[in-house]
Amino acid sequence: MKDLIRQFNLAPHPEGGFFREIYRSKQMVWSDAVSATRAAVTQIYFMLPKGQVSRFHRVAHDEIWHIYQGDPLHLIQFDGSHLTQTRIGKGCPDYTAIVPAGVWQAAATTGTHTLAGCTVAPGFDFSDFCFLSDHPIHLERFRSLGSGLDAFL
């Protein structure tokens, strides 16, 4: 794991795991979702080692996950009413998954680690990022499902 962190020059991410932004478009576009301009697209490397999770969070725009190496990723989505859980990567039906704008998401590796890419369009900005644990009404709805997924909060 430490070799991959060094190789890809990854840093700790606030949601868990490690990341590095590898692309931010110079083209700017207007986002109605945030009433501001954003880069047209952004791309990061994102690695989750065993024992760490990507905590439930949401971003303002669509996010596409791509699996590059390691074990499959367990991706969880919560739209405010329903939970969806999928696996992507080696041995799974797909190597990509889409999280629609505004949907809460969390993830974990199914093995020792997962190295993924995350593409957001319009581009990611930390001002558009928030944790489920900081939104009491959504958190109460999530907990009412009795999902057993509190480790992702």
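On a predicted model such as this, the values are computed, not experimentally measured, just so you know.

Calculation criteria
Starting from 1, residues in each chain are numbered consecutively following that chain's sequence as written. The model is predicted, so local features are restricted to residues of pLDDT at least 70 and side-chain atom pairs to those at 80 or more, both for listing and for counting; the totals for chains, interfaces and linings are taken over all residues. Note that water and hydrogens are dropped before the side-chain values are worked out from all heavy atoms of the structure. Note on definitions: salt bridges are taken to be side-chain nitrogens of Lys or Arg within 4 Å of carboxyl oxygens of Asp or Glu. What counts as a helix is a DSSP run of H or I of at least four residues, what counts as a strand is a run of E of at least two, and both are numbered from the N terminus. With a 1.4 Å probe rolled over the protein chains alone, any residue whose accessible area is under 20% of its type maximum counts as buried; one over 50% counts as exposed, and the rest are partly exposed. A 3.5 Å cut-off defines polar contacts: any pair of N or O atoms within that distance qualifies, except that in protein one atom must be a possible hydrogen donor and the other a possible acceptor, and neighbouring residues in sequence count only when both atoms are side-chain atoms. Residues are treated as being in contact if the distance between any of their heavy atoms lies within 4.5 Å.

Asks: Which residues make up the pattern of salt bridges, and what are the values?
Replies: All chains considered together, the criterion is met by four salt bridges. For the salt bridge of Arg-6 with Asp-3, the shortest nitrogen-to-oxygen distance reads 2.8 Å. Separated by three residues within a single helix, Arg-6 and Asp-3 lie in helix 1 (residues 2-7), roughly one turn from each other. Accessibility expressed as a relative area gives 59% for Arg-6, which makes it exposed.

Asks: I'd love a proper account of the side chain of Ser-31, names of residues and values included.
Replies: Within the secondary structure, Ser-31 is located in strand 3 (residues 28-31). Among the polar contacts made by the side chain of Ser-31, one reaches the side chain of His-61 at a distance of 2.6 Å. Residues contacting Ser-31, with those up to four places away along its chain left out, are Ala-36, Arg-38, His-61 and Pro-122.

Asks: Can you lay out unusual backbone geometry for me, pointing to particular residues and giving the numbers?
Replies: For the peptide bond that leads from Ala-121 to Pro-122, omega is -15 degrees, which places it in the cis range. Within the fold, Pro-122 resides in the loop between strand 12 (113-121) and strand 13 (130-131). Phi at Asn-9 is positive, roughly 55 degrees, even though this residue is not glycine. Relative to the helices and strands, Asn-9 is located in the loop between helix 1 and strand 1 (11-12). Residue Asn-9 is classed as exposed on the basis of its relative accessible area, which comes to 55%. Here the phi dihedral of Ser-35 falls at roughly 50 degrees; this positive angle occurs in a residue that is not glycine. You can see Ser-35 is positioned in the loop between strand 3 and strand 4 (36-39). Exposure remark for Ser-35: the relative accessible area of 53% places this residue in the exposed category.

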